[in-house]
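Residues per chain are reported as follows:
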Amino acid sequence: MNPILVMAGTPVDTQMGMDCLSAKGLPGVFCPVSEDPHLQTAFQISSQEEKYATILEILQKAQAAHGCEKAFIYCNSLSGSVDFARMAQDTGLKIVTPLHVYRQLAGQYRFLGVIAANAQGCSGIERALLSANPKLELLSAGILPLVLGIEAKEAPDMLIERLHIPELASWYQSCGAEALLLGCTHFPYIKDALAKRTSLPLIDPTDEMLRFITE
């Protein structure tokens, strides 16, 4: 099969996406958008025209060079800040993002807690969830320092303790949240450490994204 274009905000989460495909025996093409999380956040708040032109160029170059027919957008906040539905029409690519998964699962819940990389990620996730289930209640937090700690390879247990993520999960649960959505593709890095410190179910979209991309 032709390789699948893997795009994310930084080289770190792009490589995480590549690793997800590799674990399933799928070839990928490495396409990060920015050099680090700060530059990616700046990119996400730039104009829609600038963002669209930049992403379109990256996708079209991968199509021309590698014959890519599918794109695996392994970044929540990027997915929420760029119109990938329009991008799919303009490129002919099958494009899968975490937001596909959130629309599918929204009807299963009444109240969710969300942690994301930034407010852009929270906004995109909220739109996806509420478009599918307008009655869903949400509590959301953008936590860029968590992303920075992951990129710096800080030990997961120490990182979640330093940033009080278990306490945040406990507060969400005390407010009625039924699960905690890990709304950043960096966050599987801390999933096991956090699971030991909270009884809230943790939602990771990765497996469903892989199912969608291989359909």
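Going by the structure above, here's the rest.
Keep in mind it's a predicted model, so treat the numbers as computed, not measured. (Residues numbered from 1 in each chain as written. Predicted model: local features only at pLDDT ≥ 70, side-chain atom pairs only at ≥ 80, totals over all residues. Heavy atoms only, no water.)

Trainee: What should I look at first to understand the nonpolar core in this one?
Mentor: A general tendency of soluble globular proteins is for nonpolar side chains to be buried together. Judged by nonpolar contacts, the single largest core of 78 residues is most densely connected at Met7, Ile55, Leu78 and Ile115. It is helix α3 (residues 48-66) that provides the largest number of residues to this core, a total of 6 residues. The residues contacting Ile115, other than those within four sequence positions of it, are Ala141, Ile143, Leu146, Ile165, Leu168, Tyr172, Leu180, Leu181, Leu182, Gly183, Cys184 and Phe187. (Core = buried A, V, L, I, M, F, W, Y, C linked by side-chain atoms within 4.5 Å. Buried < 20%, exposed > 50% of the residue type's maximum accessible area, 1.4 Å probe, protein only. Helix = DSSP H or I, 4+ residues; strand = E, 2+ residues; numbered from the N terminus. Contact = heavy atoms within 4.5 Å.)

Trainee: Explain the pairing of strand β3 (residues 70-73) to me, please; I cannot follow it from the model alone.
Mentor: Consecutive side chains of a regular strand alternate in pointing toward one face of the sheet and then the other. Residues Lys70 and Phe72 line one face of β3 and the alternating positions Ala71 and Ile73 line the opposite face, and both faces are buried. In the sheet, strand β1 (residues 4-8) pairs with β3 via 3 bridges, with the strands oriented parallel. By the bridge assignment, Leu5 is partnered in β3 with Ala71. For β3 and strand β4 (residues 94-96), the ladder comprises 3 bridges, and the chain directions are parallel. Counterpart to Lys70 in the pairing with β4 is Lys94. (Pairing = 2+ DSSP bridges.)

Trainee: Honestly, the sheet that holds β1 in this entry has me stumped. Any pointers?
Mentor: Strand pairing within a sheet occurs via backbone hydrogen bonds; the two strands may be parallel or antiparallel. Read across the open sheet, the 4 strands follow the order β2-β1-β3-β4; overall the sheet is parallel. Sheet topology places β2 (28-32) and β4 at the edges, where each strand pairs with a single neighbour. For this sheet, the mean angle separating the axes of adjacent strands, direction not counted, is 20°. By the bridge criterion, 5 bridges tie β1 to β2 in an arrangement that is parallel. If you follow Ile4 over to β2, its bridge partner there is Gly28. Across the sheet, helix α5 (residues 84-91) is in contact with β1, β3 and β4; its angle to β4 comes to roughly 160°. Strands β1, β3 and β4 of the sheet are contacted by helix α12 (residues 206-214), whose axis makes an angle of about 170° with β3. (Axes fitted to C-alpha atoms, helices over the stretch in contact; angles between N-to-C directions.)

Trainee: Quick question: what am I supposed to make of the pairing of β1 here?
Mentor: Of all 5 residues in β1, 5 are buried, a share of seventy percent or more. Residues Ile4, Val6 and Ala8 line one face of β1 and the alternating positions Leu5 and Met7 line the opposite face, and both faces are buried. In this fold, β1 hands off to helix α1 (residues 11-23), which returns the chain to β2; that crossover is right-handed. (Right-handed = clockwise from strand over helix to strand, strands pointing away.)

Trainee: Hey, could you run me through unusual backbone geometry in this one?
Mentor: With a phi angle near 60°, Lys153 is a residue other than glycine that sits in the positive phi range. At His164, a position not held by glycine, the phi torsion is positive, near 60°. Note on His164: relative accessible area 47%, which makes it partly exposed.

Trainee: Quick question: what am I supposed to make of the packing of helix α6 (residues 98-105) against helix α7 (residues 119-132) here?
Mentor: Each pair of packed helices can be described by the angle between their axes along with the distance between the axes. Contact pair α6 / α7: the axes reach a minimum separation of 7 Å and the direction vectors enclose 35°. Judged by the twist between their axes, the crossing of α6 over α7 is right-handed. Where α6 approaches α7, its residues Leu99, Tyr102, Arg103 and Leu105 are matched on the opposing element by Gly124, Ile125, Ala128, Leu129, Ser131 and Ala132. (Left-handed = near helix turned anticlockwise from the far one by under 90°.)

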